[in-house]
Amino acid sequence: MAIIGHDIDIAKEFLLKGELVAIPTETVYGLAGNALNDSAVISIFEVKNRPSFDPLIIHTDSLEKVENYVSEFPEKAKLLANKFWPGPLTLLLPKKQIIPDLVTSGLNNVAVRVPNHPLLLALLRSLPFPIAAPSANPFGYISPTNAQHVNAQLGDKIPYILDGGESDVGIESTILGFENGEAIVYRLGGLAIEDIENVIGKVQLMPHSSSNPKAPGMLKSHYAPRKPLYLEKRETFSVNEDKLTGYLVFDQYIEGIDLKYQRILSKSGDTKEAAHNLFAYLRELDASPVEQIRAEHVPMHGLGPAINDRLQRAAAKE
Ligand code: TXA
Ligand code: MG
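Now for a description of the structure that goes with this document. Just so it is clear, the structure is predicted and the values come from calculations on it, not from any experiment.

### Description of the overall build of the protein
- Check the secondary structure of the protein and you find 10 helices and 15 strands.
- C-alpha atoms of the protein, sized along the principal axes, occupy 60 × 45 × 35 Å.
- Looking at the 318 residues of the protein, the share that counts as buried comes to 58%.
- Taking all contacts inside the protein whose residues are at least 6 apart in sequence as the whole, residues at least 24 apart take part in 66%.
- Accessible area for the protein stands at about 13,600 Å²; split by element, carbon and sulfur atoms hold 50% of it.
- Computing the positive centroid from 31 side-chain charges and the negative centroid from 39, the protein places the two 2 Å apart.

### Some details on the layout of surface pockets
- One number sums up the size of the second largest pocket: a volume of about 310 Å³.
- Around the second largest pocket sit 15 residues that line it, and Pro88, Val169, Gly190, Lys272 and Leu303 are the ones nearest its centre.
- Only α8 (193–200) and α9 (271–287) provide two or more residues apiece to the lining of the second largest pocket.
- Split by residue class, the lining of the second largest pocket holds five nonpolar, five polar and five charged.

### Points about the sheet that holds strand β13 (residues 245–249)
- Ordered by their spatial adjacency, four strands build an open sheet running β12-β15-β13-β14, and the pairing between neighbours is parallel. The sheet is open, and its two borders are formed by β12 (229–232) and β14 (262–264), each paired with just one other strand. Along the sheet, successive strands turn relative to each other by an average axial angle of 20°, direction set aside.
- In terms of strand pairing, β13 meets β14 through three bridges, oriented parallel. Counterpart to tyrosine 247 in the pairing with β14 is glutamine 262.
- Across the face of the sheet, helix α10 (residues 304–315) comes into contact with β12, β13 and β15 (292–296) while running at roughly 135° to β12.

Cut-offs used in this document
- Residues numbered from 1 in each chain as written.
- Chains lettered and ligands numbered in written order.
- Predicted model: local features only at pLDDT ≥ 70, side-chain atom pairs only at ≥ 80, totals over all residues.
- Heavy atoms only, no water.
- Helix = DSSP H or I, 4+ residues; strand = E, 2+ residues; numbered from the N terminus.
- Buried < 20%, exposed > 50% of the residue type's maximum accessible area, 1.4 Å probe, protein only.
- Contact = heavy atoms within 4.5 Å.
- Areas by Shrake-Rupley, 256 points an atom, 1.4 Å probe, with all protein chains shown as cover.
- Lys, Arg positive; Asp, Glu negative; His and termini not counted.
- Charge placed at Lys NZ, Arg CZ, Asp CG, Glu CD.
- 1 Å grid on protein atoms, 1.4 Å probe; cavity = no way out; pocket = protein on both sides within 12 Å on 5 of 7 lines; lining within 4 Å.
- Points joined across faces, edges and corners; volume = space filled by probe spheres on them.
- Nonpolar A, V, L, I, M, F, W, Y, C, P; charged D, E, K, R; others polar.
- Pairing = 2+ DSSP bridges.
- Axes fitted to C-alpha atoms, helices over the stretch in contact; angles between N-to-C directions.

Structure representation (C-alpha cells):
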C-alpha cells in the first residue's frame, strides 16, 4: 500500500523524479505526474489503465503560469478564469508546443485548471512544471474523494498519497471550451452552469457521446459502481424487491426500507451537499451487501444537472 501523508516535500521529490503521487483537490483526488515528462505521462495512463486517446487535464497554481502553456486565451476564458480560479473549472485552450502530445492525445487543445486546495496549491507553487492529473481511480470506476478511496484502488501502484482530507466539492470540474468564439460545456461538473452564465452569458451544452473526437473522454459508461445501478423515479421504488437493494435518495428517506440500506444525499435539499456526498455514498453502497442500487434523480438546479449526469453514466450499460 502507498504511504499516506501530509508532506508536500515528499510529494515534490517523487514528482521531480518522474514518479506519480496522488493529490487532493477540491473536486476529487488526482493521480499526478510531471506533465512535461513523457514517461511520467505514460505511467499515468498505465496505472489508471486508461486508453491513450483520453487526454489529461494539467494543473498549476496561477493564471500567469497557465499562459506559459496555452497559445491563446480568449476574452471569455479570461473572465471565467479571473472569476473562478482557483476552482472547479477546466478550460480547453490551444496548447503551446511545450505541452507533450501525449497529454492531449494529439489534440490541439490542452485542458487546464487551477485547483482550489491549499495543500495542493502549495505543492504546485513549489514545482517547476505543471502536473497532469486525471481522477485517481481505475478507468471507468467511481472517482475518489478521500485518501482512503485512492489507497483502496491504486495503493499498490503508487508510492505516496498526499492527504488533504475529504474533497470539498465531490464531483469533477466543469469542462468548458470554445468554438468560433462560442463557449461550449463539454462536461458538467463542480461549477454550476448558472454561475458560468452569470459571467459570460448563455453557453451551449455538448451532449455526451462515446465516439466524439472533440471530447474523447466523454464516454457514456463512467463513474460506475460494480453493482448494477438503476436510475429511476422514486415512485417506482418498491419495498418488495427480491434482491437486497440499496437506495441513493436526494432529500427524503423512503418509508418502509431499512435505513442501513439507504443513503440520503442532502437532508436540506442542497445540491452542493449532495455532490459532496455522491461518490462516497456510491462507494459505501457498492461495498455493502446489497446486490443492486436504485437511485433517484436530483432537482435540475445548481449542481443537480452534474449529479444526474454522473448517475446516468453510472447507470449506463455498454
Ligand atoms: O476535477 C477534475 O477535473 C479532476 C481533478 C483531479 O482535477 N480531474 C479529472 O480528470 O476529472 P479526468 O482525466 O478524470 O477527466 C478529464 C476529462 C476527460 O474526460 C478528458 O477526455 C477530458 O477531460 N479532456 C482532457 N483534455 C482534453 C482535451 N484536450 N480535449 C477534450 N477533452 C479533454
Ligand atoms: Mg475521471
